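# Reading the structure
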Amino acid sequence: DPRDPRSLHYIGVDSINSYEKCIRAVGEILCPYDSDQMFPMFGFGAKVGGVVNHCFPLTFNPQAPCVHGLEGMIGAYRNALAQVQLSGPTLFSQVINETSRIAQESWVEERTYTILLIITDGIINDMQDTKDAIVAAGRIPLSIIIVGVGNADFTAMDVLDADDVPLVSRAGYTMERDLVQFVPFNQFANQHYSVLAAEVLDEVPRQLVEWAELNGVRPN
């Protein structure tokens, strides 16, 4: 409940909650890499119109899911909190599948590589579906950066990071490349900007190069 001071989503007078701190800190790192500063922004794990939804635009307009710049992200987040009721379960796969679709379209239309930023408290209730979605995205121009807020058990996020053990889909396919980076925000929140930036962007160059090599893409 955003009205509860114990909540990571707490909206108080003259206070910035954990999610806002994360959006701003990581957004300042990622935003400069986008040319038009228009970012599709989605929520998951909330009741929208009384129905639990796991992939809804924070603008509440499916035809216009984008917000402008970092301030647009903060504004959309705050506005959405006032309109929805946060709810379990927490499912990642629908957002990943939707972003995979967007990434494919963006590559065809604009030759852009997409980065999906997922901000989460670490709970996940569709682990195998999420693994399937990540494995299926191996040849899609997409990287996924998962940033964990709070002090929960992030073991599941480390599994999705797959630095030690590759992900395998339920159909038995092993991931063709590593496209996920997990960052525990609290470990870096009070350090210099450059430390967080290095951690967030650590794997993206390699992930992009591996995607290009898989698809026979050469830079212009």
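Only a predicted model underlies this, so the values are computations on that prediction, with no experimental measurement involved.

Okay, the overall build of the protein next. Tallying secondary structure elements over the protein gives 7 helices and 10 strands in all. Here the C-alpha atoms of the protein give a radius of gyration of 17 Å, agreeing with the 17 Å that 2.2 N^0.38 yields for 220 residues. In terms of its C-alpha atoms, the protein occupies a principal-axis envelope of roughly 50 × 40 × 35 Å. Across the 220 residues of the protein, 47% fall into the buried class. Working note: accessible area of the protein is about 11500 Å², and carbon and sulfur atoms make up 52% of it. Side-chain charges of the protein comprise 14 positive and 28 negative groups, with the mean position of each set lying 4 Å from the other.

Attention shifts here to the sheet that holds strand 3 (residues 46–48). With antiparallel pairing, the 3 strands of this open sheet are ordered in space as 4-3-7. Every interior strand has two partners, whereas the edge strands, strand 4 (51–53) and strand 7 (85–86), have only one. Inspection of the sheet shows strand 3 paired to strand 4 by 3 bridges, in the antiparallel sense. When the bridges of strand 4 are listed, Lys 47 appears paired with Val 52.

A separate point is the confidence of the model for the protein. When pLDDT is averaged along the protein, the result is 93; 100% of the residues meet or exceed 70. Per-residue pLDDT, averaged within each element of the protein, yields its smallest value for helix 6 (residues 193–201) (88) and its largest for helix 4 (residues 127–136) (98).

For the coordinates displayed, the defined rule picks out 0 disulfides. Its sulfur unpaired, Cys 22 is 12 Å from the next cysteine sulfur, which belongs to Cys 31. Cys 66 provides the cysteine sulfur closest to Cys 31, a residue in no disulfide bond, and the two sulfurs are 12 Å apart. When its relative accessible area of 7% is taken as the criterion, Cys 31 is described as buried.

The subject of this paragraph is the pairing of strand 9 (residues 142–148). Most of strand 9 is tucked away, with 7 of its 7 residues classed as buried. By the alternation rule, side chains of strand 9 split into Leu 142, Ile 144, Ile 146 and Gly 148 and Ser 143, Ile 145 and Val 147, which are all buried. Sheet analysis places strand 8 (residues 114–120) next to strand 9, joined by 7 bridges and oriented parallel. Looking at the pairing, Ile 115 lines up with Ser 143 of strand 9. The β-α-β motif built from strand 8, the intervening helix 4 and the parallel element strand 9 has right-handed crossover chirality. Inspection of the sheet shows strand 9 paired to strand 10 (residues 180–184) by 5 bridges, in the parallel sense.

The N-to-C vectors of helix 1 (residues 18–30) and helix 6 enclose an angle of 70 degrees; their axes lie 10 Å apart at closest approach. Here helix 6 runs roughly perpendicular to helix 1, going by the angle between their axes. On helix 6, the residues that touch Ala 25, Val 26, Glu 28, Ile 29 and Leu 30 of helix 1 are Tyr 193, Leu 196, Ala 197, Val 200 and Leu 201.

Leaving glycine out, the prevailing phi sign among residues is negative, and the prevailing peptide bond configuration is trans. A cis amide bond links Gly 88 with the next residue in sequence, Pro 89, at an omega value of 0 degrees. Within the secondary structure layout, Pro 89 lies in the loop between strand 7 and helix 3 (93–110).

Attention now moves to helix 2 (residues 69–81). The end-to-end C-alpha distance of helix 2 is 19 Å, a good match for the 18 Å that 13 residues give at a rise of 1.5 Å each. Those residues of helix 2 that sit buried are Gly 69, Leu 70, Met 73, Ile 74, Ala 76, Tyr 77, Ala 80 and Leu 81. Residues of helix 2 that are buried make contact with helix 1, strand 1 (38–40), strand 6 (66–68) and strand 7.

Conventions used here
- Residues numbered from 1 in each chain as written.
- Predicted model: local features only at pLDDT ≥ 70, side-chain atom pairs only at ≥ 80, totals over all residues.
- Heavy atoms only, no water.
- Helix = DSSP H or I, 4+ residues; strand = E, 2+ residues; numbered from the N terminus.
- Rg over C-alpha atoms; globule rule 2.2 N^0.38 Å.
- Buried < 20%, exposed > 50% of the residue type's maximum accessible area, 1.4 Å probe, protein only.
- Areas by Shrake-Rupley, 256 points an atom, 1.4 Å probe, with all protein chains shown as cover.
- Lys, Arg positive; Asp, Glu negative; His and termini not counted.
- Charge placed at Lys NZ, Arg CZ, Asp CG, Glu CD.
- Pairing = 2+ DSSP bridges.
- pLDDT = per-residue confidence, 0-100.
- Disulfide = S-S within 2.5 Å.
- Right-handed = clockwise from strand over helix to strand, strands pointing away.
- Axes fitted to C-alpha atoms, helices over the stretch in contact; angles between N-to-C directions.
- Parallel < 35°, antiparallel > 145°, perpendicular 65-115°, else oblique.
- Contact = heavy atoms within 4.5 Å.
- Expected span 1.5 Å × (residues − 1).

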